[in-house]
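Examining the three-dimensional arrangement
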Amino acid sequence: MSSVEKRIGFALLVAVIYLGNAASCIAEPLDHSHSTRPPARSLSRDRLEWPALSDVKRTLLLRDYNTRIVAIGTTMLGAAAGIVGVFMLLRKRSLIGDVVSHSTWPGIAIAFLVMERIKTDGGKWLPGLLVGALLAGVAGILCTKLILRYTRIKEDAALAIVLSVFFGAGMSLFKAVQYIPSGSQAGLNHFILGKTASMVSADVWIIGEASLAILIVIGLLFKEFSLLSFDDKFASSQGWPVFRLDLSLMLLVAGVTVIGLQSVGLLLVVAMLITPAAAARFWSDRLGRTTAIAACLGGSGAFCGVLLSAMFPRLAAGPVIVLTGALFFIISLFLGVRRGVIVRIVTHRRLKTAVGRQHILRALFEYLEPHCDPAAPMSSQLVNHIVSANELLPMRSWTLKRLRHLLRTAEKSNFIAVVREGGYRMTNRGAELAHRVVRNHRLWELYLIEHADIAPSHVDRDADDIEHLLAADIVESLERLLSERYPHMTVPPSPHAIDSAPGSTIRQSTS
Amino acid sequence: MNSPATLNSIDSTRRSAAGRYVVATLSLGACLALAMLLRKALNVCGWDAYDTWTVVTAALAAMACSLPGVFLVMRRQSMMGDALAHTTLPGIVVAFLLAHSLQQAGWISSATYDSWRHAAMFIGALVIGVVSAVLTEWVQKLGRVEASAALGVVFTTLFAVGLLLIRLKADQVHIDPDCVLYGIIETTVMDTVPNTQIPRAAVVNGLVLLANLLLVTLFFKELRISAFDAAISTTMGINSHAMHYALMAVTAATLVSAFESVGSILVIAMLIAPAATAHLLTDRLDRLIAISLAVAALSAFLGHLSAITLPSIVFTRLGYPEVVDTSTAGMMAVAAGGLFTIAAMFGPRYGVISKVLDQARLSRSIIAEDILGLLYRMEEESDATALALNQLTAMIGTRTWPTYLAARGLAASGDVAVRGSSYELSPPGRERAKRLVRAHRLWESYMAKHFDLPADHLHESAARVEHFLGAELREELAAELEDTAEDPHGREIPPEQG
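Residues numbered from 1 in each chain as written. Chains lettered and ligands numbered in written order. Predicted model: local features only at pLDDT ≥ 70, side-chain atom pairs only at ≥ 80, totals over all residues.

1. Quick notes on the overall build of chain B
Summing up its helical and strand segments, chain B has 22 helices and three strands in all. Relative to the compact-globule value of 23 Å for 498 residues, chain B shows a C-alpha radius of gyration of 32 Å, a clear excess of over 25%. Taken along its principal axes, the extent of the C-alpha atoms in chain B is 105 × 60 × 40 Å. Here chain B holds 498 residues, and the buried ones make up 41% of them. At a minimum sequence separation of 6, the contacts of chain B that also span at least 24 residues come to 71%. (Helix = DSSP H or I, 4+ residues; strand = E, 2+ residues; numbered from the N terminus. Rg over C-alpha atoms; globule rule 2.2 N^0.38 Å. Buried ≥ 20, exposed ≤ 12 C-beta atoms within 10 Å, placed from the backbone. Contact = placed C-beta atoms within 7 Å.)

See the structure below:
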């Protein structure tokens, strides 16, 4: 396992180098008051001002330097958050991001105080504030883990307590800091609701580099993280350092949260972790693809959000980014090709139709079976008989209405043919399918009797559910069993008596 | 096997009636002393009527919140409380917008506008509570999304909607998002009922507390069953879905009444922390409710006290004498967290320290019994009846220090006699050791007879079980084995008496 540890170490090293680099590129404290945005006009305050066409063009083409860098930085953040979020979602820990983001608050205030002590007026230095936030976020996670480990409190309550107590501590510190003249001007409250619009290029550099570092770490540890997300017990039984991996994943969550504080604020940053990941799950079942999709959704959501808020100065970027993500989520929920609602409804209906068709064909088959000569080939005999709906009614517990409906659908897809009013006959195609379905049904019944030790009178119902789903390899192995038992028959005899209306008559087709 | 039951019965006899009396007297004395100290302390830090009303308002709000919180914690839906605390924001905003447009349309006169706004706020909160619960369930069922992720998607989206609405309609809703989020108890206390000193917020929170108490007493049975086992409550004809939505609505209404004083994020602390603290202290629902009410009130008091005293102490040391106080709501959350930590550490039954102590006590008594058994076997086999401490340690396989403690304990209770630096059995100790060895060998014989284990696999199990076989079980084992006189290794099973 030393190679894994080496990789974790390497990944952390990369992260440290990047963060250090990000810190060093800002030699002096930032001036946050600098902003290229014009102040919001106070006339017609309750109306969204539509931007002029030239403004829209300017924004969309990213001509504005500030918009451009903010859009790039936030997009990278969205992509990183989407990827980390997938792992959190799979580990069913989505809400831990909420705990981290709320826990960062006291860290920011303490970092401010510490830096203010070191150097007068040095408290606004952003990398320092972010490191404080990161440490506090990690402390929040550790507190949650401690509560879960040593008390009887369940996860939900542990999360809620840590979240609110840390936030409370942050509030108290924040209020105290407000009394300090430099503290009230430091703009610390921007961290709560975000301030994307007034970010400057140095802020964006930090976000961009930190996101890149997170992406690299995830790329290096992708295999380990996927193992951890799917089956951590298996991973630990195989000797993987699960605890350390878990901790590094948590660090990544804390990292994403902390760099997201600036753009969306600590109350909403959790949405960037949860929403794209949850939306991506509708599009794919494969982890690699899901992460890629989550990165795209997160990135493009953030990008659109930034552009929208650049066009409409009254829309704050944080909520807009969250709402764009929510819109993507709703679209994915319905249109997602793997688990989307529409796809699921369609496959469900298709299966239902197939099941109904197979039911009707099996009913026909079993109704006609006693009248056929077992020596002659079955399919040619099946197509020669005419049956009415009333005769089929006792074969299953179905209503006449449902039966008529099934007959009509089966006729439309050419499995049965209407001979005259109320008389049905199987087509060749139908006979073939009926043959297969009954065969599956009886094979499964045989299997249940043989291996699951179920009484012959009870197997019909169970086989009824599964016959439509039997895969080819199972059928094959069942067939082997069958050929040992009934060497000459293509459809085994039913192991139980088949109920049908007594004294029914079979008419030979005239054709 | 009823060995745990045996241990429990020992435990319960230890807590005798006399002990309880002593504890009650001591705690009463402690309370009195504390009250006197408190009065002095309060006088020192300049406590006045304003502070008292702040604490009363905050305590009422916190107590009102802790009632639905108990059921959220029991149903493991605490994060639903967190979500509701966020989603009340759009609820309030939409309700205010509606009230505003009604006033614009002339349906509401300006005189009654304020009370309409309050009513609208409550209704908005009730609706948003149910809406968030329903939406979460939809996302969960429709998209088969994992529950906590569904919750996360829904509440962040609704919260974002609320924030944007505030931005866009600021002049119509008159809400400062800061005041919704962090609470402004310091100013709400100034807003009093005409001609009295009672803050309006205290009245509102008191009424909500009363309503919640009433609901809890009326539906105690239903709430209890559905909190502990939703499936059973459904079979008993209690619609657990309806209970869930009702709980969500009540929680949201309580939150909205409390957010003015505590702030919507810190309300979560008042919702969950007292209930979780009580959960660490008791298993009975009625006591749980009582304790969480007390914890809520206490954290309100401690929170305000520390908000007006702590900052000046701490920050003056740090070199910022200008800091005089801090947010009461924030410190209330911190105080609730502190109380939770104390309960987690020192809780009599589930606390970390009591667990550690129990563990230590158990392992000490096991080592002591091992010493007795060892000495007895030595007497059986050889003439060397006394063993030195290092010999005992080596043969039992523990460290020196626990063995020494256990041996001193045995010497004090008269079970072993100390001769120089070695220990040997005294007559009462020999009796005890005999019973222990009897248990050990009976168990070995029983295992050999019924489980068909080879002789070299018996000792391990017996060495663990011997400490938990009481007189009754030994008797049953002996009856089961009829008259086996020797264990599978061919050693004699000592008789119970004599």
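Don't stop here, the text continues.
2. Thoughts on the overall build of chain A
Helix and strand counts for chain A stand at 22 helices and four strands. The burial tally for chain A puts 46% of its 511 residues in the buried class. Pairs at least 24 apart in sequence give 76% of the contacts found in chain A among residues at least 6 apart.

3. Brief notes about the interface of chain A and chain B
The extent of an interface is frequently quoted as the accessible surface area lost upon association of the parts. Listed by partner, the interface residues are 51 residues for chain A and 61 residues for chain B. The set of elements that each furnish at least two residues to the side of chain A that touches chain B consists of helix 4 (96–118), helix 6 (155–179), helix 13 (269–280) and helix 15 (317–335) of chain A. When residues of the side of chain A that touches chain B are assigned to their parent elements, the largest contribution, 16 residues, is made by helix 6 of chain A. Along the lines of polarity and charge, the residues of the side of chain A that touches chain B split into 35 nonpolar, six polar and 10 charged. (Nonpolar A, V, L, I, M, F, W, Y, C, P; charged D, E, K, R; others polar.)

4. Quick notes on the domain arrangement of chain B
The assigned domain composition of chain B is domain 1 (48–268) and domain 2 (355–425). Computed from C-alpha coordinates alone, the two centres of domain 1 of chain B and domain 2 of chain B are separated by 62 Å. (Domains from an automatic or database assignment.)

5. Observations regarding the environment of Glu137(B)
Relative to the helices and strands, Glu137(B) resides in helix 5 (residues 113–142). Separated by 14 residues in the primary sequence, Glu137(B) and Leu151(B) place their C-alpha atoms 8.4 Å from one another.

6. Some details on the sheet that holds strand 2 (residues 416–419) of chain B
Hydrogen bonds between backbone atoms are what pair the strands of a sheet, whose relative direction is either parallel or antiparallel. All names here are of chain B. The three strands lie next to each other as 1-3-2, forming an open sheet whose pairing is antiparallel. Only two strands of the sheet have a single neighbouring strand rather than two, namely strand 1 (387–388) and strand 2. The pairing of strand 2 with strand 3 (residues 422–425) spans four bridges and is classified as antiparallel. In the sheet register, Val416 faces strand 3, and the bridge partner there is Leu425. (Pairing = 2+ DSSP bridges.)

7. Quick word on helix 19 (residues 400–412) of chain A
Residue and element names in this part refer to chain A. Taking 1.5 Å per residue as the helical rise, helix 19 with its 13 residues ought to reach 18 Å, and the 18 Å between its terminal C-alpha atoms agrees with that figure. Within the sequence span of helix 19, burial applies to Leu403, Leu406, Leu407 and Ala410. Buried residues in helix 19, looked at end-on, bunch into an arc of 100°, giving them a common side. Along helix 19, the residues that are exposed and aim more than 90 degrees away from the buried face are Lys401, Arg408 and Lys412. Buried positions along helix 19 lie against helix 16 (341–368), helix 18 (389–392), strand 2 (416–420) and strand 3 (423–426). (Expected span 1.5 Å × (residues − 1). Arc of directions from axis to C-beta.)

8. As for unusual backbone geometry
All names here are of chain B. A positive phi angle, near 60°, is found at Arg76, a position not held by glycine. Looking at where Arg76 falls in the secondary structure, it is placed in the loop between helix 3 (49–74) and helix 4 (78–104). The backbone of Arg144 sits at a positive phi, close to 50°, despite the residue not being glycine. Inspection of the secondary structure puts Arg144 in the loop between helix 5 and helix 6 (147–168). Since 13 C-beta atoms lie within 10 Å of it, Arg144 is described here as partly exposed.

9. Digging into the packing of helix 15 of chain A against helix 6 of chain B
Relative orientation and spacing of two packed helices are given, respectively, by the angle between their axes and the distance between those axes. With their axes 9 Å apart at the nearest point, helix 15 of chain A and helix 6 of chain B run at an angle of 135° to one another. With respect to helix 6 of chain B, the axis of helix 15 of chain A lies oblique. Our pair here, helix 15 of chain A against helix 6 of chain B, has a crossing hand that is left-handed. Between helix 15 of chain A and helix 6 of chain B, the residues in contact are Pro319(A), Val322(A), Leu323(A), Ala326(A) and Phe329(A) and Val153(B), Thr156(B), Thr157(B), Ala160(B), Val161(B), Leu163(B) and Leu164(B), respectively. (Axes fitted to C-alpha atoms, helices over the stretch in contact; angles between N-to-C directions. Parallel < 35°, antiparallel > 145°, perpendicular 65-115°, else oblique. Left-handed = near helix turned anticlockwise from the far one by under 90°.)

10. With respect to the environment of Glu432(A)
Residues and elements named next belong to chain A. For Glu432, the position within the fold is in helix 20 (residues 428–451). Looking at Glu432, the number of C-beta atoms within 10 Å reads 15, which means it is partly exposed. Counting along the chain gives 52 residues from Glu432 to Ser380, while the straight-line C-alpha distance between them is 9.8 Å.

11. What to know about the confidence of the model for chain A
Scored by pLDDT, chain A has a mean of 80; 84% of the residues are at 70 or more. Low confidence marks residues 21–46 of chain A, where pLDDT is under 50. Its contacts with residues over four positions away, or in another chain, come to 37 contacts. (pLDDT = per-residue confidence, 0-100.)

12. A short note on the nonpolar core
Grouped together as the largest cluster of nonpolar side chains are 226 residues, with contacts concentrated most on Val84(A), Val267(B), Met270(B), Ile272(B) and Met332(B). If we ignore the near neighbours within four places in the chain, the residues touching Val84(A) are Ile214(A), Ile218(A), Leu252(A), Val253(A), Val256(A) and Leu273(A). In terms of nonpolar packing, the next biggest core, distinct from the first, is built from 26 residues, Phe365(A), Ile416(A), Ala434(A) and Val438(A) among them. (Core = buried A, V, L, I, M, F, W, Y, C linked by C-beta atoms within 7 Å.)

13. Side note on helix 20 of chain A
With 24 residues, helix 20 of chain A extends 34 Å between its outermost C-alpha atoms, agreeing within 8% with the 34 Å of an ideal straight helix rising 1.5 Å per residue. Of the residues one or two after helix 20 of chain A, Asp453(A) is the one with positive phi, at around 60°.

14. Observations concerning the confidence of the model for chain B
Close inspection of predicted coordinates is inappropriate for parts of the model with low pLDDT. Residue and element names in this part refer to chain B. With 96% of its residues at a pLDDT of at least 70, chain B reaches an overall mean of 84. Across residues 1–13 the pLDDT falls below 50, and counting only partners more than four positions away or on other chains, this stretch makes three contacts in the model. Both scores are available for the predicted complex, with the pTM at 0.81 and the ipTM at 0.83.

15. A word on the packing of helix 3 of chain B against helix 14 (residues 267–281) of chain B
All names here are of chain B. Running from amino to carboxyl end, helix 3 crosses helix 14 at an angle of 60°, the nearest separation of the two axes being 7 Å. Looking at the two axes, helix 3 sits oblique to helix 14. When you trace helix 3 past helix 14, the crossing you get is right-handed. Across the interface between the two elements, Ala61, Ala62, Cys65, Ser66, Pro68, Gly69, Val70, Leu72 and Val73 from helix 3 touch Val267, Met270, Leu271, Ile272, Pro274, Ala275, Ala276 and His279 from helix 14.

16. Here we look at the pairing of strand 2 of chain A
All names here are of chain A. Looking at chain direction, strand 2 and strand 3 are connected through four bridges and run antiparallel. Its bridge partner being in strand 3, Ala417 is matched across the sheet by Arg425. Between strand 2 and strand 3, which pair antiparallel in sequence order, lie two residues; one of them, Gly422, sits at a positive phi of approximately 80°.

17. Overview of the environment of Thr309(B)
Along the polypeptide, Thr309(B) turns up in helix 15 (residues 285–318). In this structure, the C-alpha to C-alpha distance between Thr309(B) and Asp51(B), residues 258 residues apart in sequence, is 12 Å.

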